[in-house]
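Single-letter residue listing:
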Amino acid sequence: MRFPRGLVVPLLALAAAEAAMRLSGLESDSIAPPSAIARAFATALADGTLLQATGETLGAAAAGLGLGGGAGLLLAIALGLSPALARLMRVPVDAFRPIPSVALIPIALLAWGFGFPMEIAIVSFACFWPMLIIGQAAIAGIEPRLLEVARVLRLSLPARIGKIVLPAALPRLFVAFRLATAVSLIVAVTVEITTNPLGLGYGLMQAQQALEPDRMFAFLLWLGLVGWGLNALLLVAQRRLFGRAGWVAEEVR
Amino acid sequence: MRPQAPPLIGFEGVSLSLGGRLILDDIRLSIARQEFLCVVGSSGCGKTTLLRLAAGLLRPDTGQVTYAGNAVTGPAREVAVVFQDYGRALLPWRSAAGNVSLALEAAGVPRAQRGPRIAALLERVGLAHAADRYPAQLSGGMQQRLQIARCLAQEPSVLLMDEPFGALDAMTRQSLQDEILRLVEASGNTVLFVTHDLEEAIYLGDRVVAMRPNPGRIAEVFDIPLPRPRHQLATREDPEFLRLRRALFDFIQEEER
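Summary of the structure given here. No experiment lies behind these values; they were computed from the predicted model shown.

### Brief notes about the nonpolar core
The tendency in soluble globular proteins is for nonpolar side chains to be buried side by side.
Phase 1: Core analysis: the largest hydrophobic core is formed by 107 residues, its most contacted members being Phe11, Ile148, Leu160 and Met161 of chain B.
Phase 2: Counting 18 residues, the second-largest nonpolar core is a separate cluster that includes Ile37, Ala40, Ala218 and Phe219 of chain A.

### Considerations on the packing of helix α5 (residues 105–112) of chain A against helix α6 (residues 116–140) of chain A
Residues and elements named next belong to chain A.
Phase 1: Contact geometry for α5 and α6: axes closest at 9 Å, N-to-C directions at 140 degrees. Two packed elements cross with a definite hand, and for α5 against α6 that hand is right-handed. Residues Ile105, Ala108, Leu109 and Trp112 of α5 touch α6, and the partners they reach there are Pro117, Met118, Ala121 and Ile122.
Phase 2: Of the residues belonging to the contact of α5 with α6, the class tally is 8 nonpolar, no polar and no charged.

### Some remarks on the sheet that holds strand β10 (residues 217–223) of chain B
Residues and elements named next belong to chain B.
Phase 1: Spatially, β6-β7-β8-β3-β9-β10 is the arrangement adopted by the 6 strands of the open sheet, whose pairing is mixed. Each edge of the sheet is formed by a strand with only one pairing partner; in this case those strands are β6 (79–82) and β10. Going across the sheet, the axis of each strand differs from the next one's by a mean of 20 degrees, ignoring polarity.
Phase 2: Here 4 bridges tie β6 to strand β7 (residues 158–162), and the two strands are oriented parallel to one another. Among the inter-strand pairings, valine 79 is bridged to a residue of β7, identified as valine 158.

### With respect to the sheet that holds strand β4 (residues 62–67) of chain B
Residues and elements named next belong to chain B.
Phase 1: If you walk across this open sheet you meet the 4 strands as β2-β1-β4-β5, and the pairing is antiparallel. The sheet is open, and its two borders are formed by β2 (21–32) and β5 (70–71), each paired with just one other strand.
Phase 2: Where strand β1 (residues 7–18) meets β4, 5 bridges bridge the pair, whose relative direction is antiparallel. Following the sheet pairing, phenylalanine 11 is matched in β4 by valine 65.

### What to know about the environment of alanine 137 of chain A
Residue and element names in this part refer to chain A.
Phase 1: As for its position among the elements, alanine 137 is in helix α6.
Phase 2: We classify alanine 137 as partly exposed; its relative accessible area is 38%.
Phase 3: With 75 residues separating them in the primary sequence, alanine 137 and glutamate 212 have C-alpha atoms 47 Å apart.

### Section: the environment of valine 165 of chain A
Residues and elements named next belong to chain A.
Phase 1: Along the chain, the position of valine 165 falls in helix α8 (residues 157–194).
Phase 2: Sequence separation of valine 165 and valine 187 is 22 residues, and the distance between their C-alpha atoms is 30 Å.
Phase 3: The residues contacting valine 165, other than those within four sequence positions of it, are Leu81, Ile139, Ile142, Leu147 and Arg160.

### A closer look at helix α1 (residues 8–24) of chain A
Phase 1: Compared with an ideal rise of 1.5 Å per residue, which puts 17 residues at 24 Å, α1 of chain A spans 24 Å between its outermost C-alpha atoms and is within 8% of the ideal.
Phase 2: Phi turns positive one or two residues past the end of α1 of chain A, at glycine 25 of chain A, with a value near 65 degrees.

### Considering the packing of helix α3 (residues 49–81) of chain A against helix α9 (residues 199–209) of chain A
Between two packed helices, both the angle of their axes relative to each other and the distance between the axes serve to describe the pair.
Residues and elements named next belong to chain A.
Phase 1: The N-to-C vectors of α3 and α9 enclose an angle of 135 degrees; their axes lie 6 Å apart at closest approach. Relative to α9, the element α3 lies oblique. Between α3 and α9, the residues in contact are Leu50, Ala53, Thr54, Glu56 and Thr57 and Gly199, Leu200 and Gly201, respectively.
Phase 2: Considering only residue class, the contact of α3 with α9 consists of 3 nonpolar, 4 polar and 1 charged.

### Some details on the interface of chain B and chain A
Phase 1: If you look at the interface, chain B gives 26 residues, while chain A gives 19 residues.
Phase 2: Area buried by chain B at its contact with chain A is led by Pro75, Arg88 and Trp93 of chain B, which between them contribute 26% of it.
Phase 3: On the surface where chain B and chain A come into contact, there are 4 salt bridges.
Phase 4: For the pair chain B and chain A, the interface holds 5 residue pairs in polar contact (both at pLDDT 80 or more).
Phase 5: Among the secondary structure elements, those contributing two or more residues to the side of chain B that touches chain A are α2 (86–89) and α3 (96–106) of chain B.
Phase 6: Sort the elements by how many residues they give to the side of chain B that touches chain A and α3 of chain B lands first, with 4 residues.
Phase 7: For the side of chain B that touches chain A, a count of residues per class yields 15 nonpolar, 4 polar and 7 charged.

### Regarding the side chain of arginine 145 of chain B
Residues and elements named next belong to chain B.
Phase 1: By secondary structure assignment, the location of arginine 145 is in helix α5 (residues 140–153).
Phase 2: Taking the relative accessible area as the measure of exposure, arginine 145 reaches 15% and is therefore buried.
Phase 3: Discounting residues that sit within four places of it in the chain, arginine 145 has contacts with Val125, Leu127, Ser175, Leu176 and Glu179.

### Comments concerning the environment of phenylalanine 242 of chain A
Residue and element names in this part refer to chain A.
Phase 1: Residue position: phenylalanine 242 is located in helix α10 (residues 213–252).
Phase 2: A C-alpha to C-alpha distance of 21 Å links phenylalanine 242 and isoleucine 133, two positions 109 residues apart in sequence.
Phase 3: Beyond its immediate chain neighbours, meaning those up to four positions away, phenylalanine 242 contacts Leu170, Phe174 and Ala237.

Definitions and limits used
Residues numbered from 1 in each chain as written. Chains lettered and ligands numbered in written order. Predicted model: local features only at pLDDT ≥ 70, side-chain atom pairs only at ≥ 80, totals over all residues. Heavy atoms only, no water. Core = buried A, V, L, I, M, F, W, Y, C linked by side-chain atoms within 4.5 Å. Buried < 20%, exposed > 50% of the residue type's maximum accessible area, 1.4 Å probe, protein only. Axes fitted to C-alpha atoms, helices over the stretch in contact; angles between N-to-C directions. Helix = DSSP H or I, 4+ residues; strand = E, 2+ residues; numbered from the N terminus. Left-handed = near helix turned anticlockwise from the far one by under 90°. Contact = heavy atoms within 4.5 Å. Nonpolar A, V, L, I, M, F, W, Y, C, P; charged D, E, K, R; others polar. Pairing = 2+ DSSP bridges. Expected span 1.5 Å × (residues − 1). Parallel < 35°, antiparallel > 145°, perpendicular 65-115°, else oblique. Buried area = accessible area lost by both parts, 1.4 Å probe. Salt bridge = Lys/Arg side-chain N within 4 Å of Asp/Glu carboxyl O. Polar contact = N/O pair within 3.5 Å; in protein donor to acceptor, adjacent residues only side chain to side chain.

Quick look at the structure:
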């Protein structure tokens, strides 16, 4: 098997960092040599703190994605199918959308205190918008002839949505879902870093404040891996689930 | 000639404007049960709009469209529409069988009965071998056959066909013309067939309605007393066919001048 060339630069960089730290004899509260980070990672993995924190962060992110993304999808369907409703909602949507979701942390803290509910609420708010905006465009962009076919066949509204609208928009809806998933992780970790004593973000902050850079970088590295793994998983799912719909839709156009 | 029957579809003084432009002006037309009526005219004369009114996809501004004596207020299951752009009217994520199934699902046919009925419908349009193929894997002619099968699955009384063979090559077009005549003959459908091909209109129709643009109105109605069943060579060489073709051509030429 050939050595994967993409790994050459990262491995060289790691070796250089390790060598620089050792040769200079640097003692630091803010950076750590790769070997110490690897040790800290192994320790955190072994004592269960890393996995527990991961579960907390992913749980909050998933709950927010489900609630906010689900609500965004429902509204996207309604607005995508009804131009009149879309016109009516344009001003409220444009007014609320620019609010940075993390700006809601103080309000959410007042309403729910520390813990999962406030984090889930903020993640929901953040995930609502990509699902709504991309979803609405996906549904408004469905071939109009297909909707006419649904009309002349006299499909009921649920059948029209289930058999025509969602399958026709699915490839693009899945893109919205992937984007919302990435947003959910970013926002969950942000809430944990700034406020909420839970999850990976909080673990990262704890290590920083305890002046344990090796542990801090271990958490950071793991966060990167989790985000990358999540995206890779969704890409595989996209190919598996919608490969046909995806390529057929492109061929037809 | 088919026996005289009471009109099934009626246009009673129908006018329609779209986007501030008068598209159809005072259309009066009745289509008899089991009649094959063709509509011809230059593009922009409102012939597709006429068909969409009959389908209930549009509502007239004045006058009314009737079906079996009642005003048409929306699409009905007994009225099937064959669209010209078959590539867009089929669901690309469903196989041929799945596309036919859509009409049965819409009509609430129980799952257990769908399989045999789908097989029979695909058989009728000559697609039995392609049940598992997806629209993108079918030729244009096969895709249009599939759309016709889906319409037949509605068990309609009326077929509304909007330039259904306009995008097909000449050979495929002729074989589909004969197939549609055979299918209509067998099921006793009433047909409203829009085309810009004058010979196709004469070959298929019991009557041919010629329309005039700006605004769209009916200019002339030609009776087509050619014997049935029709035959691609014999019918097209019939002196009466040639006379009608000349009359219709002259009429359209005059229109364009």
